[in-house]
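# Summary of the model geometry
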Amino acid sequence: MTLTSLDPGILKASHPVPGAPNNWKRFFSFNTDAKVIGIQYIVTSLFFLLVGGLLAMIMRGELITPEADLVDRTVYNALYTMHGTIMLFLFMFPVLNGLNNLLIPCMIGAPDMAFPRLNAAAFWLVPVFGVILMASFLVPGGPAASGWWSYPPVSLQNPLGHLINGEALWITAVALSGVSSIMGAVNFVTTILRMRAPGMTFFRMPIFCWTALSAQTIQLIGLPALTGGAVMLLFDLVAGTSFYRPEGGGDPVLYQHFFWFYSHPAVYVIILPVFGIFSELFPVHARKPLFGYVFVAIASLVIVGLSLVVWVHHMFPSGVPQWMRDLFMVSTMLIAVPTGIKVFAWLGTLWGGKIQLNTPMLFSLGGLFNFVFAGVTGIMLATVPVDIHVNNTYFVVGHFHYVIYGAATMGVYAAIYHWFPKFTGHMYFEGLGKLHFLLTFVGTNLNFFPMHPLGLMGMPRRVSSYDPEFAFWNVIASLGGFLLGVSIIPFLLNLVSSWVWGPKAPANPWKAIGLEWLLPSPPPAENFEDNVPTVISGPYGYGTGKPLVEHQEAYERALQEA
Amino acid sequence: MTTLPTAPPGPTPTHGEGHASHPSYTLTGFIIFLCSESVIFLAFFAAYALLKSTATSWLPPGVEGLEWRTPLQFTVVLVSSSGTIAVAEHFLGKKRLWAFRGFLLLTMAMGALFLYGQASEWSGLSFGFTTGTFGSLFYLLTGFHGLHVATGILLMGLMLGRSFYPDNYEKGEQGVIAVSLFWHFVDVIWVLLFLLLYAWQA
């Protein structure tokens with residue numbers, strides 16, 4: 001069959017999955033469409049961002065005065081434990097999996113993920129373990145209170161002696177989160193390896209797909225180790241085994257190895273896709289090809305390799321032998337090389353570009369700024385003497401919040417604004433978006449910068465009262481924290497009102513190059529269906545005039561007719 | 001006049017559920033999953049090796065060592081079942097369904113025999129799950145492996161049942177290959193486990 005011109009109806013018609021409603025109800029059903037699942041992931045994760053943020057507000061409220069006067073100390077222990085757990089396992093990973101679901105199939109020209117039902121099952125585990133974790137607020141003794149890393153022997157205390165206690169629920173939730181993420185990772189990796197459009201070789205893939213592939217590889221290698229370690233912790237807690245109990249011959253440091261073997265690379269699971277987002281957005285909004293595409297792509301794989309051999313840098317004060325400290329200090333510092341290559345490539349992309357300061361670009365630039373700052377303190381922390389000096393102080397807290405909020409969450413915001421028109425069919429409101437950026441950027445730096453001088457002065461983390469000499473910086477940090485809380489309001493207002501009342505979005509509002517921009521906004525259920533374009537050049541051909549796919553004009557004209 | 005490429009010629013196996021035709025990626029996904037699954041075992045092995053090599057006293061009081069001769073016999077049974085499932089696969093390739101079913105059933109029986117051996121060993125041991133670090137690790141490792149053997153037997157039962165559906169094996173081979181890979185995986189893990197638990201007793 002040959003088409004003389006593409007029937008616009010093919011691109012316009014929506015083909016809902018049989019049995020699933022093609023309206024808002026599908027977002028509450030076991031839907032197997034990756035684009036529905038992506039939105040389910042993102043909305044769920046934003047809900048938990050509010051929950052985790054509320055816990056953070058209470059903590060900053062406590063810390064605005066030196067005395068422990070707002071909440072009980074044991075409640076404070078539960079607050080920081082649950083804040084960290086919720087933000088990582090219920091906000092960060094789900095929101096990135098949401099972006100993966102929306103973007104990967106569209107970017108590589110696949111109709112859906114490789115295993116749609118597995119995909120839906122992986123998503124529906126998220127509310128399940130979310131509820132389990134939330135339920136721990138209601139059990140006697142309250143939620144887990146041993147920090148998000150749950151080190152034994154602290155995590156094995158269980159003073160009330162109940163079988164169902166906060167810690168047991170915490171371990172169950174984290175193990176289920178691991179199962180969900182592994183199911184997701186199998187799906188993403190298979191999809192990227194097997195379902196790319198004809199002509200899309202590995203070195204014609206958008207960088208976001210490279211970084212998603214790298215991040216999901218880390219999930220596959222690292223998560224089983226954490227899950228195994230968590231199962232052993234659960235047995236120690238509820239069955240009385242002695243894996244980590246020193247009195248029975250166990251070794252608590254063994255748990256730290258399991259935990260950090262995954263949980264350090266987990267940082268790269270978070271930041272690699274954000275590197276991908278930066279690499280997608282800078283070329284579009286600076287109208288230039290990505291500088292050093294091949295190096296940026298390969299640097300992602302190098303980061304995967306290195307990230308698996310750096311975990312002991314979290315354990316420098318945990319009684320590890322000196323040779324291990326030296327080795328892991330060097331390997332940690334080596335990560336700065338591939339990361340530096342990426343930062344250099346982004347600067348090269350921006351250099352001399354026609355930079356458009358719209359909301360996604362502002363968030364990307366702000367995120368890059370914060371990331372470079374976090375990278376500098378990261379190198380400081382990699383050094384054994386500095387790390388031992390500032391270990392367990394606010395310096396560490398400041399460093400990782402710059403990474404997780406300053407860089408990663410701002411990158412996620414950038415991605416949400418950038419692809420919002422594509423997947424909702426509506427433009428967002430630029431003014432609200434810029435207000436959101438301003439509040440977020442100022443709030444982030446106001447909240448997290450003061451933690452560095454505090455840490456250097458010696459203020460420990462995880463305390464609800466402190467010496468009055470730390471009060472000045474704590475007040476500033478708390479004000480920044482409340483500003484961050486306020487910054488969510490224009491964001492949510494923008495998302496809801498734009499989706500309902502926003503102006504209709506064209507198929508390609510940014511004049512961007514990429515397969516997802518050859519689809520209508522929002523894309524139909526099976527994306528290109530049988531009309532998958534043949535890719536004939538690499539991504540990011542801005543200003544080169546090279547078409548991305550065969551018959552590009554026909555695809556573009558069909559979009560306009562539709 | 002421009003032309004657009006259409007779907008590649010020839011029938012492609014469909015995936016059901018109203019999705020556009022595309023080939024099945026079950027095997028790719030399953031191999032990726034197996035690689036991931038092996039890390040859990042590696043983590044448990046590493047825990048065993050680390051705790052054993054740093055322990056001051058390893059075996060529980062009154063235990064001299066593990067008896068290895070009977071477990072070795074069951075090891076031989078399990079390892080040979082990797083051969084029988086390969087034979088089953090061979091007959092499936094030749095479309096000799098009854099021979100396939102027979103050898104699949106034989107493999108399942110050998111797996112069940114191994115589980116029986118495991119259970120009888122457990123019931124004869126003087127230490128339990130909570131008797132110190134060695135006891136905890138011994139039951140964790142053998143129990144987690146046994147769970148995989150049981151899963152493998154269940155999956156083979158599923159393949160056996162599916163073989164009676166007409167036309168199923170037009171596209172069902174990927175499932176059999178996946179189960180067979182899983183079974184080989186379970187065998188290799190057991191050999192490593194045997195070396196770790198029974199051979200390394202010094």
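For the structure, see preceding data.
Quick look at the structure, then.

Residue and element names in this part refer to chain A. Summed over the entire model, instances satisfying the criterion amount to four cavities of 30 Å³ or more. A volume near 90 Å³ is recorded for the largest cavity. Lining the largest cavity are 13 residues; nearest its centre among them are P206, I513, G514, L515 and P539. A class-by-class count of the residues in the lining of the largest cavity yields nine nonpolar, one polar and three charged. When its volume is computed, the second largest cavity comes out at roughly 60 Å³. Lining the second largest cavity we find Y41, F89, F93, P94, N97, V126, F129, S177, S180 and S181. Of all the secondary structure elements, the ones that give two or more residues to the lining of the second largest cavity are α3 (73–108), α4 (116–135) and α5 (166–194).

Attention shifts here to the nonpolar core. All names here are of chain A. Counting residues in each nonpolar core, the largest one holds 235 residues, and the members touching the most others are M232, I271 and L515. The element that contributes the greatest number of residues to this core is α3, accounting for 21 residues. Here I271 is in contact with F371, V403, A407 and A408, once residues within four sequence places are set aside.

It is worth spelling out a nonpolar patch on the surface at this point. Residue and element names in this part refer to chain A. A contiguous nonpolar surface patch, about 910 Å² in accessible area, is contributed by L193, F202, F203, V294, F295, I298, V302, V330, L334, V337 and I341. Broken down by secondary-structure element, the contributors of at least two residues to the nonpolar patch are α9 (293–307), α10 (322–334) and α11 (336–350). Looking at which element gives the most residues to the nonpolar patch, the answer is α9, with four residues. As for its position among the elements, V302 is in helix α9.

All names here are of chain A. Examined against the element boundaries, K342 turns out to sit in helix α11. As a buried residue without a salt bridge, K342 has its nearest oppositely charged side chain in E280, at a separation of 10 Å. Excluding residues that lie within four positions of it along the chain, K342 makes contacts with T211, L272, F275, V296, A299, S300 and I303.

This part covers the environment of B:Y116. Looking at the secondary structure, you find B:Y116 in helix α3 (residues 97–123). Spatially, the C-alpha atoms of B:Y116 and B:T133 are 25 Å apart, while their sequence positions differ by 17 residues.

Turning next to the pattern of salt bridges. Any two side chains of opposite charge can pair, given that their charged atoms come close. Using the criterion set out here, one finds four salt bridges over all chains in the structure. Between A:R557 and A:E561 there is a salt bridge; the shortest N-O distance is 3.9 Å. You can see A:R557 and its partner A:E561 sitting in helix α18 (residues 552–561), four residues apart, about one turn around the helix. One salt bridge connects B:E67 with B:R69, and the closest N-O pair in it is separated by 3.8 Å. Classification of B:E67 by relative accessible area gives partly exposed; the value is 39%.

Bringing the packing of helix α1 (residues 26–54) of chain B against helix α4 (residues 132–162) of chain B into the picture now. Helix-helix packing is described using two parameters, namely the angle between the two axes and the distance between the axes. Residues and elements named next belong to chain B. Taken N-terminus to C-terminus, the directions of α1 and α4 make an angle of 160°; their axes are 11 Å apart at the nearest point. Taken together, the axis directions place α1 and α4 in an arrangement best described as roughly antiparallel. Here the hand of the crossing between α1 and α4 comes out left-handed. Only T133, F134, L137, L140, L141, F144, H145 and H148 of α4 make contact with α1, whose side of the interface consists of E37, I40, F41, F44, F45, A47, Y48 and L51. Along the lines of polarity and charge, the residues of the contact of α1 with α4 split into twelve nonpolar, three polar and one charged.

Attention now goes to the environment of B:E64. Among the secondary structure elements, B:E64 is positioned in the loop between α1 and α2 (69–93). Residues B:E64 and B:Q201, 137 residues apart in the sequence, show an inter-C-alpha distance of 9.8 Å.

All names here are of chain A. Here α11 spans 21 Å end to end across 15 residues, near enough to the 21 Å set by a 1.5 Å rise per residue. In this structure, the buried residues of α11 make contact with α6 (207–238), α8 (265–286), α9, α10 and α12 (359–382). Positive phi appears at G352, one or two residues downstream of α11, with a value of about 75°.

Conventions we followed
Residues numbered from 1 in each chain as written. Chains lettered and ligands numbered in written order. Predicted model: local features only at pLDDT ≥ 70, side-chain atom pairs only at ≥ 80, totals over all residues. Heavy atoms only, no water. 1 Å grid on protein atoms, 1.4 Å probe; cavity = no way out; pocket = protein on both sides within 12 Å on 5 of 7 lines; lining within 4 Å. Points joined across faces, edges and corners; volume = space filled by probe spheres on them. Nonpolar A, V, L, I, M, F, W, Y, C, P; charged D, E, K, R; others polar. Helix = DSSP H or I, 4+ residues; strand = E, 2+ residues; numbered from the N terminus. Core = buried A, V, L, I, M, F, W, Y, C linked by side-chain atoms within 4.5 Å. Buried < 20%, exposed > 50% of the residue type's maximum accessible area, 1.4 Å probe, protein only. Contact = heavy atoms within 4.5 Å. Patch = residues over 30% accessible without salt bridge, like charges linked within 9 Å, V, L, I, M, F, W, Y side chains within 5 Å. Areas by Shrake-Rupley, 256 points an atom, 1.4 Å probe, with all protein chains shown as cover. Salt bridge = Lys/Arg side-chain N within 4 Å of Asp/Glu carboxyl O. Lys, Arg positive; Asp, Glu negative; His and termini not counted. Axes fitted to C-alpha atoms, helices over the stretch in contact; angles between N-to-C directions. Parallel < 35°, antiparallel > 145°, perpendicular 65-115°, else oblique. Left-handed = near helix turned anticlockwise from the far one by under 90°. Expected span 1.5 Å × (residues − 1).

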